[in-house]
Structure formats: C-alpha cells, structure tokens
Amino acid sequence: MAQSQPPFRRRRSRRLIGGIRRWVAATAGSLALTGGLIAASPQASAAGLIQVTGFGTNPGNLSMYVYAPDALPADAPLVVALHGCTQSASDYYAHSGWPKFADTYGFALVFPQTSSANNTNSCFNWFEPGDSARGQGEAFSIKQMVDKAVSLYGSDSRRVHITGLSAGGAMTANMLAAYPDVFAGGAIASGLPARCANSVSTAYTCMYSPPDRGPAQWGDLVRSAAPVGTTSWPRVAIWQGTADTTVKPANAAELRDQWTNVRGIGQTPSRTENLGGGTTRNVYDDASGRSGVEVYSVSGMGHGLAVDPGNGPEQCGSTGTYYLDTICSIYHTARFWGLDDDGSTGSLPAPTGLTVTGSTDTTVSLSWKAVDGASSYVVYRGGTRVGTTTSTSYTDTGLATGTTYTYAAAAVDTAGAAGVVSAPATATTTGFTPTCHTDSNYDHTVAGRAYQGGGHTYAKGSGQAMGLWNAFTTRTLKQTAPGYYVIADSGCPV
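Right, let's walk through the structure included here. (Residues numbered from 1 in each chain as written. Predicted model: local features only at pLDDT ≥ 70, side-chain atom pairs only at ≥ 80, totals over all residues. Heavy atoms only, no water.)

Looking at the sheet that holds strand 13 (residues 355-359)
Adjacent strands of a sheet pair through backbone hydrogen bonds, lying either parallel or antiparallel.
Okay, so step 1: One open sheet holds the three strands; their spatial order is 13-14-17, and the pairing between them is antiparallel. In the strand order of this sheet, the two ends are held by strand 13 and strand 17 (393-396), each with one partner. The average undirected angle you get between the axes of adjacent strands in this sheet is 20°.
Okay, so step 2: Both strand 14 (residues 364-367) and strand 17 contribute to a ladder of four bridges, which runs antiparallel. Following the sheet pairing, leucine 366 is matched in strand 17 by tyrosine 394. (Pairing = 2+ DSSP bridges. Helix = DSSP H or I, 4+ residues; strand = E, 2+ residues; numbered from the N terminus. Axes fitted to C-alpha atoms, helices over the stretch in contact; angles between N-to-C directions.)

Side note on the sheet that holds strand 23 (residues 465-468)
Okay, so step 1: Spatial strand order, 21-22-23: three strands in an open sheet with antiparallel pairing. Each of the sheet's edge strands pairs with one partner strand only, and the pair in question is strand 21 (450-453) and strand 23. Looking at each pair of strands side by side, their axes are set apart by 25° on average, direction ignored.
Okay, so step 2: Pairing of strand 21 with strand 22 (residues 456-459) involves four bridges; the strand directions are antiparallel. Counted as the bridge partner of glycine 453 is histidine 456 from strand 22.

Quick look at helix 5 (residues 137-153)
Okay, so step 1: For helix 5, spanning 17 residues, the distance from its first C-alpha to its last is 25 Å, which sits close to the expected 24 Å at 1.5 Å a residue.
Okay, so step 2: Where helix 5 ends, the next residue or the one after it, glycine 154, has phi of about 65°, a positive value. (Expected span 1.5 Å × (residues − 1).)

Re helix 10 (residues 329-337)
Okay, so step 1: With eight of its nine residues buried, helix 10 lies for the most part within the structure.
Okay, so step 2: Residues of helix 10 that are buried include every one of Ser329, Ile330, Tyr331, His332, Thr333, Ala334, Phe336 and Trp337, and no others.
Okay, so step 3: Phi turns positive, to about 85°, at glycine 338, one or two residues after helix 10. (Buried < 20%, exposed > 50% of the residue type's maximum accessible area, 1.4 Å probe, protein only.)

Some details on the state of the cysteines
Okay, so step 1: One pass over the structure, following the stated rule, counts four disulfides.
Okay, so step 2: For cysteine 436, the disulfide goes to cysteine 492, at an S-S distance of 1.8 Å. On the S-S bond that ties cysteine 436 to cysteine 492, the torsion sits near -90°, and the link is left-handed. Here cysteine 492 lies in the segment after strand 25 (484-487) and cysteine 436 lies in strand 20 (residues 435-440), a separation of 56 residues in the sequence.
Okay, so step 3: Counting its disulfide-bonded cysteines in sequence order, the chain shows a connectivity of 1-2, 3-4, 5-6, 7-8. (Disulfide = S-S within 2.5 Å.)

Keep in mind that these numbers describe shape and distance, not what the molecule does.
Here you go:
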C-alpha cells in the first residue's frame, strides 16, 4: 500500500522512478494510500465540473475544481471532497454520489486535485508534515480553495465540511486537526488518525498496524496541530469496511478514540443502530445530547468508499475501482452534518418542558409546552430531524430495543423556519433482543464487542478472556444486554 521509497515531490530527482514502478507492479494489490490505487483515472473534465484558477498562492501545487447546483442560494453549505491515490477530481465527482445531494440539499462542492508532480501516484501527501500542517503545502492550498469558494458562492463559512477517501481520508483528518476553525465537520472514509504518520515508513505502520495509543494521546496530536486555545471542534464521521486489508479496520477504533477525546466524549457508544448494507452505526453524543462522533462499520466491505447505485432517496454513486456497492455513505454523512436542513433559524424560542412520557421496545413518546406563534414543531433524535407535528407531543417509532436515545424539539414559525432547539431529553427503549456475532478477535474489537490489552482480547462487559488479539482467532460472542457480551462458542441461540 505504501511505497518502498518516499513519494516523489516536485523539484526532486526522478532517478528511482523505474524502480518504484517495478515495485508498484509487483505489489499492486496492496497499494492505496502512499503507493496509490492501481486503476487509471481520467483528468477532471466531467460535465458540470469546472476548474478554478487563481485561488491563492497555492504552495501545495494543487488544482481546484468545483461543482455548484443552479440557483444556489446565498449562505449555503460548502463541502470539500478529497480523492484517493491515482484518482482525480472528476473520478470522485463521477462515482462518489456527492453531486446528487448537492443538488438535493443545495450546497457547493470543491474537489481539490493533486498530481504526479507532487506524488508519483497522485496521492495527497498526508504523511508529509510540510504538506499537512496548518499554513503549509497542500493543506494551505486546500484552505485557500475554501476561501475562494466561499467568496464565489457566498457560502456560509460556519457550515464548511470536508471529506475524503483513503489518502484523501487521511488528509481530511489532518485538515480537521489543523483547521478546526474552518471546518464544522468531517468524514473520513477508509482513512487514518490525524498525525498518525510523519514519513513513508511510519505510514506503513499506521496503515497495517496502527499504534495502540490511548485516547488522550491521540487527542493531544490534534490539539497540538490546532491553533492554541481552540475549544470548538468539528463533528466527525468515520467510515470503515471490516474486510479492508489496505487500511486495517483498527484505524477506525483509533480515529474514534482520537475524536471522542478531542470533543470530551467517552469511548462507549451512546447507542448502536443497524443500517442497510450490513452497516452498523455507533453514535457518541456530546454533553448536549447531540451526536459528536459517529462510526460506520460496513460488514464485509474492503477498501473503498461505500456507494449504493440507484435512484432512491437514500441511494447514490456508481461502482468503480474502490467505489463499493454497499450503502450510500454520502446520504448518511450529509444528514449527520445537517446538510438536509437549510440552516435558517427562526425567531421563536425553544420549547420548554420536553419530557419523555412513555416508551416501549420500539417507541418513545414525548411532550412539551406550547410556544406562542408556532405553526408546528420539529423533533430531533441525536441531532437529526426525525419528524414534525402540529401538536405538542410526538411518538418516535421503529427504534431498537434496550437502546438509549436523545431528543430535542424546536418550534417552527409561519414562514417555515425552525427556532431555537430545546434542552435535550433522554429515553431508553425497553427490552433487549440478544444477538450473536462470530468473527475474529481483531474484528470483534473493531466492532466494539471486545477490547484488547497486552496483545489479548476480552469480551466487552463480561471481561471474559478470548485469546490473542489477531485476525486468525475466531470466537462467537452473544450480546445479552446493552454493552455486555459473553463467549458462546458452544452455541448461541437467541
């Protein structure tokens, strides 16, 4: 996946190009981040994608491409999307699915593009300190693109987000660390923790066997990269396939530790939800009850971006090299960031007295006091809008048993603008449905069913010893209560 020699940079000698190419050909199946993906990609020329020049001093020698829907309103959000190795802006534009939701929800897209002049395999140099630190190299070029796009489209500078795949995902993590004052949120797909590597050799370590640092150690790497005194941090979504052999799934756990620590959140999920495409979402709420970090684990998916071709409202993208047909990650990321909301805030005050009036295995009922002038109310679960009602009560349905959810409500004025969001209320559904999970000890820890210490694995909750922490030892765990697992190798009836 990584090159055996440092990636070539502009103005450096190319005497070793032949040797590197031979090495790439011999190890093509394992290349992705520093070594490059092996499918050729077209140059950015797709319809609707426009190159923008003159966006700044461009110390990172990058190209800027943009896509903006027709009649884009002022103060719309902005999303920056970073491609993977040997890919291009047009490749990411064509396959990822981002343009569909830019049209649906109304926001502009920036697609930075690197080239072989920076890196032999057109990777963003996420492992180079001079390209990933604030005010330097490629990182600063991307920041200049943000400034240019905000000026061009009148974008809301408070709602700028960044995402990326593979090398682009690793660079996304570094951008979130270096510019927390620029980005409201990020999404890291098959990527690595911020500042995990500072050379090609350490990039190998991060990709194949990420350092098992504690949450505070990972968090310190972010805090040291950010401006002194930073107290507000981006919300972060982490996407990872459980069968990824290029960027090992343990990176998702380290990313979770890093960004929950930065945001002052514990590493135990506030709730776990099952989505389509074999995807499990672990949600980590902040002190206000809003989802601050989310980890999406796609069962059986290899290295790439999760897409779901089709015309349905929750579908997007097209398959291709490292664009894998599982679930539309873009839809869930856009909703996590709140891009499905127009961002306008009405003048009505927050509803008071939000109370949980009842719950069952699959429902939660709420009520609150009326707000003068309200034509309706919106209800949020974990920061995502889940329903509207004209009354002062609401019942949320289709929930998981034995799961804790956090709710809030806002009054909507006659112009359709939601006002200030209420204080949160927490509810837990009744009952619990046991589930069985057979997997390697390594994958059990990535999925949050177990933890590792000293090279050994232990079942979460019960603490039962499961053997060595590796991808070769397979065990069956039965979840008997939220966050509680026991070994069930002899049989696991539910």
